[in-house]
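Residues per chain, in single letters:
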Amino acid sequence: YSGPGANDPELSHIHPLLRHLAVPIDAVLLDPANVNTHPPEQLEVLKAMLREFGQRGPLIMRASTGILEAGEGRILAARALGWRWIAVLPCDDDAITAWRFALGDNRSASLAVIDEEKLAVQLLALHEQGADLAAIGWTEEDLGVYLDDEQDLQQLDEPEAEEPPAEPWTK
């Protein structure tokens, strides 16, 4: 590894615990067989999230080819932001394993089901705090479904604030 050191400002957008996985962004290849496409509205959300939160999880790449298995939307957004480095976890997958992982990763996300009550409570709480919900992908139209009915939402039992679990490295 001959890239910047962990404290180099060029890596400031990457979570400190991922910086040792940083590679030049142009060394990572898109998968021409990727079944997911990334429309402009998704890329705008990903860019906004990367700008605000930085990179918090590595992309997954087949080590022998440099081809992405997971994270195409994020790398497209990072490239659009002008990032030169990105954290990547290289895996020693054969072609079949790489395809299976990529397809499973895409499919598992599409099978998620949103708990509408929890979503409404969280959106309302963030809205009341003045959070920029558009930056994380919620348009005024999307929010209207939940925020037009604030009376009903305020009657929902708000979850008790829980202490976040202790970080494993602090025990």
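As the structure is a prediction and not an experimental result, all values here were calculated from the model.

A.B. asks: Would you mind going over the overall build of the chain with me for this structure?
C.D. replies: Helix and strand counts for the chain stand at six helices and four strands. Ordered by position in the sequence, the α and β elements of the chain form the string β-α-β-β-α-β-α-α-α-α. Counting across all 171 residues of the chain, residues that qualify as buried make up 33%. Across the chain, contacts joining residues at least 24 apart in sequence account for 77% of those joining residues at least 6 apart. Summed over its atoms, the accessible surface of the chain is roughly 11500 Å², and 54% of this surface lies on carbon and sulfur atoms.

A.B. asks: Mind showing me how you'd approach the nonpolar core here?
C.D. replies: A general tendency of soluble globular proteins is for nonpolar side chains to be buried together. Core analysis: the biggest nonpolar cluster contains 14 residues, and Val28, Ile75 and Ile86 have the highest contact counts within it. Sorting the residues of this core by element identifies helix H1 (40-53), strand E2 (59-62), helix H2 (72-80) and strand E4 (85-91) as the ones contributing at least two each. Ignoring sequence-local partners within four residues, the contact set of Ile75 consists of Ile25, Val28, Leu30, Leu59, Leu68 and Ile86. Judged by nonpolar contacts, the second largest core, of seven residues, contains Leu18, Ala22, Trp85 and Ala87.

A.B. asks: Would you mind showing me how to read the pattern of salt bridges here?
C.D. replies: Charged atoms that come close allow side chains of opposite charge to pair. Overall, the coordinates contain two salt bridges when judged by the stated rule. For the salt bridge of Glu10 with Arg84, the shortest nitrogen-to-oxygen distance reads 2.6 Å. One end of the pair, Glu10, is in the segment before strand E1 (22-24); the other, Arg84, is in the loop between H2 and E4, with 74 residues separating them in the sequence. Of the residues examined, Glu10 reaches a relative accessible area of 30% and is grouped as partly exposed. In this structure, the salt-bridge partner of Glu44 is Lys47, at a minimum N-O distance of 3.0 Å. Linking Glu44 with Lys47, this pair stays in helix H1, spanning three residues, or about one helical turn. Glu44 sits in the partly exposed class, given a relative accessible area of 44%. Since its relative accessible area comes to 16%, Lys47 is described here as buried.

A.B. asks: For this particular structure, what's the right way to read the side chain of Glu69?
C.D. replies: Looking at the secondary structure, you find Glu69 in strand E3 (residues 67-70). Comment: no salt bridge for buried Glu69; closest opposite-charge side chain is Arg62, at 5.5 Å.

A.B. asks: Sorry, what's going on with the pairing of E4 here?
C.D. replies: Regular strands place side chains that alternate from one sheet face to the opposite one. Counting buried positions along E4 yields five of seven residues, so the element is predominantly enclosed. Of the strand pairs in this sheet, E1 and E4 are connected by three bridges, and their pairing is antiparallel. Residue pairing for E4: Pro24 is matched across the bridge by Trp85. Here E2 pairs with E4 via four bridges, running parallel. Residue Leu59 lies in a different strand from E4, and its bridge partner there is Val88.

A.B. asks: For this particular structure, what's the right way to read the packing of H1 against H2?
C.D. replies: The packing of two helices is summarised by the inter-axis angle and the distance between the axes. Packing of H1 against H2 brings their axes to within 9 Å, and their N-to-C directions diverge by 70°. For the element pair H1 / H2, the angle class is roughly perpendicular. For the pair H1 and H2, the crossing hand works out as right-handed. Taken together, the residues of H2 that come into contact with H1 (itself represented by Leu43, Leu46, Lys47 and Leu50) are Gly73, Arg74, Leu76, Ala77, Ala78 and Ala80.

A.B. asks: How should I be thinking about the environment of Ala70 in this particular structure?
C.D. replies: Considering the arrangement of structural elements, one finds Ala70 in strand E3. Separated by 12 residues in sequence, Ala70 and Pro58 place their C-alpha atoms 9.1 Å apart. Apart from residues lying up to four places away in sequence, Ala70 is in contact with Leu59, Ile60, Phe101 and Asp105.

Calculation notes
Residues numbered from 1 in each chain as written. Predicted model: local features only at pLDDT ≥ 70, side-chain atom pairs only at ≥ 80, totals over all residues. Heavy atoms only, no water. Helix = DSSP H or I, 4+ residues; strand = E, 2+ residues; numbered from the N terminus. Buried < 20%, exposed > 50% of the residue type's maximum accessible area, 1.4 Å probe, protein only. Contact = heavy atoms within 4.5 Å. Areas by Shrake-Rupley, 256 points an atom, 1.4 Å probe, with all protein chains shown as cover. Core = buried A, V, L, I, M, F, W, Y, C linked by side-chain atoms within 4.5 Å. Salt bridge = Lys/Arg side-chain N within 4 Å of Asp/Glu carboxyl O. Lys, Arg positive; Asp, Glu negative; His and termini not counted. Pairing = 2+ DSSP bridges. Axes fitted to C-alpha atoms, helices over the stretch in contact; angles between N-to-C directions. Parallel < 35°, antiparallel > 145°, perpendicular 65-115°, else oblique. Left-handed = near helix turned anticlockwise from the far one by under 90°.

Honestly, it's all geometry; don't read function into it.
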